[in-house]
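# Architecture at a glance
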Amino acid sequence: MSDWSRCMPQFSKNLIFFTILILGSSVSTEADAIEGLLGSLDAKQASPSLQKSAAEGVLRRLLPTHLSSFEFEIVTKDACGGRKCFWISNYNGTGRNMPEIKIRGTTAVELSSGLHWYLKYWCGAHISWDKTGGIQTASVPQPGSLPPVKNEGVKIQRPAPWNYYQNVVTSSYSYVWWDWEAWEKELDWMALQGINLPLAFTGQEAIWQKVFMDFNVSKEDLNDFFGGPAFLAWARMGNLHAWGGPLGQNWLDQQLVLQKQILTRMKELGMTPVLPSFSGNVPAALRKVFPSANITRLGDWNTVDGDPRWCCTYLLDPSDPLFVEIGEAFIKRQIKEFGDVTDIYNCDTFNENTPPTNDTTFISTLGAAVYNAMSKGNQNAVWLMQGWLFYSASTFWKPPQMEALLHSVPLGKMIVLDLFADDKPIWKTSSQFYGTPYIWCMLHNFGGNLEMYGVLDSVASGPVDARLSGNSTMVGVGMCMEGINQNPVVYELMSEMAFRSKKVDVELWLKSYSKRRYGKAVAQAEAAWKILYHTIYNCTDGIADHNKDFIVELPDWDPSPGTSLRRTLNPTDMKWVPEFPNNRRRYLSQDFSSNLPQPHIWYSNQDAVRALQLLLDAGNELNGSLTYRYDLVDLTRQTLSKLANEVYLDAVEAFRQKDLEALNLHSEKFLQLIKDIDTLLGSDDNFLLGTWLESAKKLAVTPSETKQFEWNARTQVTMWYDTTTSTQSQLHDYANKFWSGLLASYYLPRASAYFNHLSESLKQNKSFKLVEWRKEWIAFSTKWQAGKEAYPVTAQGDAVAISRSLFRKHLTKRYGSLSDNRTAIRATRM
């Protein structure tokens, strides 16, 4: 019986066998293939002693005071019922300085996950990323006083073998400036969350340099191929080339060393890294070396005017024999550099690169060629593919085309990431990917934006529904956000789904989460989270969230009369919070028939303000908690930024009515909100532009690299891509950030210039000069991107006091007097 079959809970062995007989031999063959893969990967893992030592290292860095309180033991899967698991029990022994809790697990990841589970559910501890509040371990009792577990302890089995992590662009939005110290913390976090199948993309340009040089492409030729450090993800995917570059040898060598450290630690922890493979993206110079090769130039990807300096990359056709040669060479070079660490390779050659024909034979041939390039380099290779194309290019990938691609490789040699399953699951409409194993993934975040958002009900039930569905081919869960360091509650719950075989009661879970996150139970905080669950974290409108709040993505449009703008009131689109049935709901319509960007609003901001008031009321008890202060700043920022959307529209309406006094009044309110939010964000270390810029400069070795890296860092979070003197980048503000320093120095001058142009047009009774504003703004942005101004890297001011002040200044004035919160607090106790 396969591990894949055994991982389906609540099914007896007889029922599984009966199901296999009904479905036929193909299911059994697929299951056997997965079991064979798991066995092959297990054989590559580090020794039990090395993994035990790695788990002890996680404990040492997390809770050094309790090193002697825990004993770890690596056990076989047979001891866990044939699956990966952790087992928490009391230590059987007496005497001083003896361990108190024993944790057994099949890998170091399982040991770390068991430690985390115990600290959460017996000690009330909480662990999130450093930049989302960090850890809360004050509630953990002193050594010698740890709470015991009952009876024989608790055994938690994985319902599916894999817990995948990362998006192919996370490496650029979040990890680009990391050194080993930052990576070590991330790897610890990954182990504690149970992640055992992480993407490992660092340093691949150094491998490509060696491979392409073997094919007679020079280092100088590669200057036009690689993107700059902050844009490598898109250069790797063939979306662009050279933008932000070139890459110096210092960077290449540095990143290769870092990748070796990352892979060594992943292996020690029992993780299976997913390495890159060849997708067909090649440097232009390869055409000269191989003039007969089938190399075509792709179309423009988001440049302003098709500038060939960085658009329209070159793609080697998978049917060309050279494709297999290069793909094989790349796999073998990675094995030579890193050792035999994995059999799983990512390739997305069809992602946003649509095949030239929908002929299924052609698609099948291309897919087979892509896999052949992998398997020639590693005979046990498995192709892991993002399933994003089946959603983003659904008009092309109809059932015949999808099935042709998925069945173009041998059974068990492809795993699909259902990348957007939290919102747009493909498994439901594709006959479970036509029998191909897949991983249920939560995408959640685009551009690394900082916005409170989530669909907790989907996270709490979606993986379970998928795994228990008829003919399920699900083999894991995953988190595929474009950027990390946001919405810790969403990632805490999603990580747990790797170990949960039943759906989660989110309301009860949030009550426990609030207590763990802040170190104590506070009624106001619990009531606040109950409201947040039904509002901010209950997005059911089916719209993929990408922050377009007007502060961070100011509309590039002419608001003069004649362009359509309207606000609607439609409570049926909102989920009502039962405790407050009479709220006044005001939000932006999603139906603008103009070029005005549409901020995504799926809840009543007044409800979020009420949650903020409750969180502020909890401040007397939680003021010293870093996790509390992070959440308070984030929620205050969220409510003020949504308020700013309304104020912006007030200003636009005043302009359209040619009411200069009202325009100036509302525009000043908008500018003041930017200033105030900047001050608020500056009171928390986790919302500072300075740390992003300084981390970029820290990796530089030469003055020229310092200048280049800072330009990369500044450009990615602002204009992103190319401009002309009068046309903004098509991707401007895609990676927008609510960071102190960025608001005051970048977003504020932009909005100020825009409103000044509006005001002048009314004063002079002339039309709004949109192009003139664009020229002024783009010139400012270009100068700012090349700037060297230093920004604070440490917080200034009292976050709680600032939040309270801004609440009184802006929110009570806008939304009126809010009733007391005793009703909400009583509801949490029922």
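The model shown is predicted, which means the values in this text are computed figures rather than measured ones.

### With respect to the environment of N605
- Its place among the elements puts N605 in helix 22 (residues 605-617).
- Sequence separation between N605 and L811 is 206 residues; the distance between their C-alpha atoms is 9.9 Å.
- Once you skip the residues sitting within four places of it in the chain, N605 turns out to touch T639, K642, L643 and Y815.
- Within the structure, the side chain of N605 is placed 3.2 Å from the backbone oxygen of T639, a separation counted as a polar contact.

### A closer look at the packing of aromatic side chains
- Across all of its chains, the model carries 63 aromatic pairs by this definition.
- Summarising the aromatic geometry, the rings of W777 and F780 are spaced 5.6 Å apart at their centres and angled 20° between planes, so their arrangement reads as stacked. A residue pair is termed a helical-turn pair when its members lie 3 or 4 positions apart in one helix, as W777 and F780 do in helix 29 (residues 770-785) at three residues.
- Judged by its relative accessible area of 1%, W777 is buried.
- In this structure F780 comes out as partly exposed when scored by relative accessible area, which is 31%.
- A cation over a ring is seen here: K737 above W739, with NZ or CZ 5.7 Å from the ring centre.

### Section: the domain arrangement of the protein
- Along its sequence, the protein is organised into domain 1 (30-157), domain 2 (162-504) and domain 3 (626-811).
- A separation of 30 Å is found between the C-alpha centroids of domain 1 and domain 2.
- Contact residues are listed per partner, giving 38 residues for domain 1 and 41 residues for domain 2.
- Roughly 3,400 Å² is buried in total at the junction of domain 1 and domain 2, and carbon and sulfur atoms are behind 61% of that figure.
- Inspection of the domain 1/domain 2 interface yields 15 residue pairs in polar contact (both at pLDDT 80 or more).
- Of all the elements in the fold, those that place two or more residues in the side of domain 1 that touches domain 2 are helix 3 (25-43), helix 4 (48-62), helix 5 (108-121), strand 4 (126-127) and strand 6 (154-157).

### Some words on the nonpolar core
- Ranked by size, the top nonpolar core spans 268 residues in total, and within it W383, F390, Y648 and F670 carry the most contacts.
- Apart from residues no more than four positions distant in its own chain, F390 is found in contact with M385, W397, M402, L405, L406, V416, I426 and F433.

The rules behind these values
- Along each chain, residues carry numbers from 1 onward, in the same order as the chain's sequence is written.
- For a predicted model such as this one, the threshold for reporting local features is a pLDDT of at least 70, and the threshold for listing and counting side-chain atom pairs is 80 or more; totals across whole chains, interfaces and linings nevertheless cover every residue.
- Working from all heavy atoms in the structure, the side-chain values ignore hydrogens and water.
- Each helix is a run of H or I in the DSSP string that is no shorter than four residues. Each strand is a run of E no shorter than two, and both are numbered from the N terminus.
- Residue contacts follow a heavy-atom distance rule, with two residues in contact if any of their heavy atoms lie within 4.5 Å.
- For this analysis, a polar contact is any N or O atom pair within 3.5 Å, provided that within protein one partner can donate a hydrogen and the other can accept it, and provided that sequence-adjacent residues contribute only side-chain to side-chain pairs.
- Ring geometry is summarised as follows: Phe, Tyr and Trp rings, the Trp one being its six-membered ring, pair when their centres sit within 6.5 Å, and such pairs are stacked at plane angles under 30 degrees, edge-to-face over 60 and tilted between the two.
- Only protein chains enter the accessibility calculation, which uses a 1.4 Å probe. A residue is then buried if its area is under 20% of the maximum for its type, exposed if over 50%, and partly exposed in between.
- Two thresholds decide whether a charge sits over a ring: the Lys NZ or Arg CZ must be within 6 Å of the ring centre and within 35 degrees of the ring normal.
- The source of the domain bounds is an automatic or database domain assignment.
- For any pair of parts, buried area is found by adding up, for both, the accessible area (1.4 Å probe) each one loses once the two are put together.
- Within this scheme, the nonpolar core is defined by two criteria: the residues are buried Ala, Val, Leu, Ile, Met, Phe, Trp, Tyr or Cys, and they are joined through side-chain atoms within 4.5 Å.

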